[in-house]
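As a plain string of letters, each chain reads:
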Amino acid sequence: MDLFDYMRETAKEAEAPLASRLRPRTLDEVVGQQHIVGKDKLLYRAIKADQLGSLIFYGPPGTGKTTLAKVIANTTSGEFRQINATVAGKKDMEEVVKNAQDIRGMYGRKTILFVDEIHRFNKGQQDYLLPFVEDGTLILIGATTENPYFEVNGALISRSRIFELKPLGKEDIKELIRRAVYDKERGMGAYGGEIDEEALEFLADAANGDARAALNAVELGILTTERGGDGKIHLDLETAQECIQKRAVRYDKNGDNHYDTISAFIKSMRGSDPDAAVYYLARMLYAGEDIKFIARRIMICAAEDVGNADPQALCVAVAASQAVERIGMPEAQIILSQAASYVATAPKSNSACNAVFAAMEAVRSRRTESVPPHLQDGHYRGAGKLGRAKGYLYAHDFPNHYVKQQYLPDGLEGTVFYQPSDNGYEKQIKAHMQFIRENAR
């Protein structure tokens, strides 16, 4: 590095955003993630001993994936290189590999390659790295907000240890905010700022586990707030609200949060908790989820989990689906709330759902027998001569519009697929079926 490179790097560090300047330089400065970097944990010991294998850090934005990579860079005796998968091409990777091979050959030193947003690499780019990870030319550290088991090649996964980072706790965020406000070396302490307890509580809560969101709000607040009569910059609740404006919702429509939230939504309706169902509905709507997707899940839940305990539930769900397509947001949220709360509070039965699964299993696992002759179509030419429909009993000619006769194929007589529950309307169905069968001719 020449003088100009040194000056450029020094200026870059001084002018970097607060969130970047406050990144921990050592393991002891790391806040949160004690489930992986606690002093008795494997990753802590591996970093301290400088004995790392390939790693993949996986978690929401602002949880410290890049931070841990920087800590490793400050700790390791090996060469540390960093690329971002959103802008790096094959030429960049070839340069890293060539450099790693040279360093390994000349000095016997390892090279650690940190790939940020590794899920943005396509399969070919990931495959290119594989042999160099395999032979030890590179120790790979990948960072991703996406589930690596879906987005990273299985071969790389099998050669890496995956560490999941969790959203930071509220107390962790508060500690980082205090550092940001009062640290005079890397924070905003030189500005003479102070933060009220109410503002601290609000920002720690509103950041929703995202440290970067909280630190960006602190930086904006201090840089844009005029000094008070005492010469200090006061970050009060009103200023904090203006700086962060909107709670950072962790929700990616193609990632884990999408599936986790819709799963909680469905399970809340199934579990007859309308409050939780409406809460998860609100989270999805707030994050911009497709209202047609939400409506489809409500329809499925109405059929699968309510079923014939309240047949009207499916009617409400289907009507809601049609209505939201015609009306759109923001009014669609009212319709979806009505449908979700109806399904959540309806009596539950999965008997109809279980019936078709049991019938499908019978079809799959047993020989397919012919339809009984008396149930076959007797209208086409020659059907009568073939004995089709002969002996069929017309149910409406009998009391209660029911008559005993064989409907299932031979070998399945007496098999019960649909067993009505004692919940809601199904209790009436159960009683009705028992009555007509006991009083049949």
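Structural data are supplied above this passage.
Residues numbered from 1 in each chain as written. Predicted model: local features only at pLDDT ≥ 70, side-chain atom pairs only at ≥ 80, totals over all residues. Heavy atoms only, no water.

S.K.: Please set out the packing of aromatic side chains residue by residue, giving values where relevant.
M.R.: We describe a pair of aromatic rings using the distance from one ring centre to the other and the angle between the two ring planes. In the structure shown here, the tally under the stated rule is 3 aromatic pairs. Between the aromatic rings of F57 and F163, the centroid separation amounts to 6.3 Å while the plane-to-plane angle is 50 degrees, which identifies the pairing as tilted. On the criterion of sequence distance, the pair formed by F57 in strand β1 (residues 55-58) and F163 in strand β5 (residues 161-164) is long-range, its members being 106 residues apart. Like F57, the residue F163 is buried in the burial classification. Centroid distance Y279 to Y280: 5.2 Å. Interplanar angle 65 degrees. Geometry classified as edge-to-face. Note on Y279: relative accessible area 45%, which makes it partly exposed. (Phe/Tyr/Trp six-rings, centres within 6.5 Å; stacked < 30°, edge-to-face > 60°. Helix = DSSP H or I, 4+ residues; strand = E, 2+ residues; numbered from the N terminus. Buried < 20%, exposed > 50% of the residue type's maximum accessible area, 1.4 Å probe, protein only.)

S.K.: Please provide a residue-by-residue account of unusual backbone geometry, values included.
M.R.: With an omega of 10 degrees, the peptide bond running from M329 to P330 counts as cis. For P330, the location among the structural elements is in the loop between α17 (312-327) and α18 (332-345). Even without being glycine, D50 reaches a positive phi, approximately 55 degrees. With respect to the secondary-structure elements, D50 resides in the loop between α4 (42-49) and β1. In this structure, H401 takes a positive phi of about 55 degrees despite not being glycine. Along the polypeptide, H401 turns up in the loop between α19 (351-365) and α20 (424-438). Judged by relative accessible area, H401 falls into the exposed class, the value being 51%.

S.K.: Tell me about the side chain of Q125, residues and numbers included.
M.R.: Within the element layout of this structure, Q125 appears in helix α7 (residues 123-134). According to the relative accessible area criterion, Q125 is buried, its value standing at 17%. In this view, Q125 contacts A88, G89, M93 and R120; residues no more than four positions away in its chain are not counted. (Contact = heavy atoms within 4.5 Å.)

S.K.: Any chance you could break down helix α12 (residues 211-224) for me, citing the residues and the numbers?
M.R.: Between its terminal C-alpha atoms α12 stretches 20 Å, which fits the 20 Å expected from 14 residues at 1.5 Å a residue. Of the surrounding secondary structure, the elements contacted by the buried residues of α12 are α2 (18-21), α10 (170-182), α11 (197-206), β7 (233-235) and α13 (237-244). Sitting at the amino-terminal end of α12 is D210, which places a side-chain oxygen 3.0 Å from the backbone nitrogen of R212. (Expected span 1.5 Å × (residues − 1). Polar contact = N/O pair within 3.5 Å; in protein donor to acceptor, adjacent residues only side chain to side chain.)

S.K.: Requested: an account of the environment of I103, with residues and values cited.
M.R.: Tracing the backbone through its elements, the reader meets I103 in helix α6 (residues 90-107). Using a relative accessible area of 8% as the deciding quantity, one classes I103 as buried. For the pair formed by I103 and E79, sequence separation is 24 residues and the distance between their alpha carbons is 8.1 Å. When neighbours within four sequence positions are excluded, I103 is seen to be in contact with E79, G108, R109 and T111.

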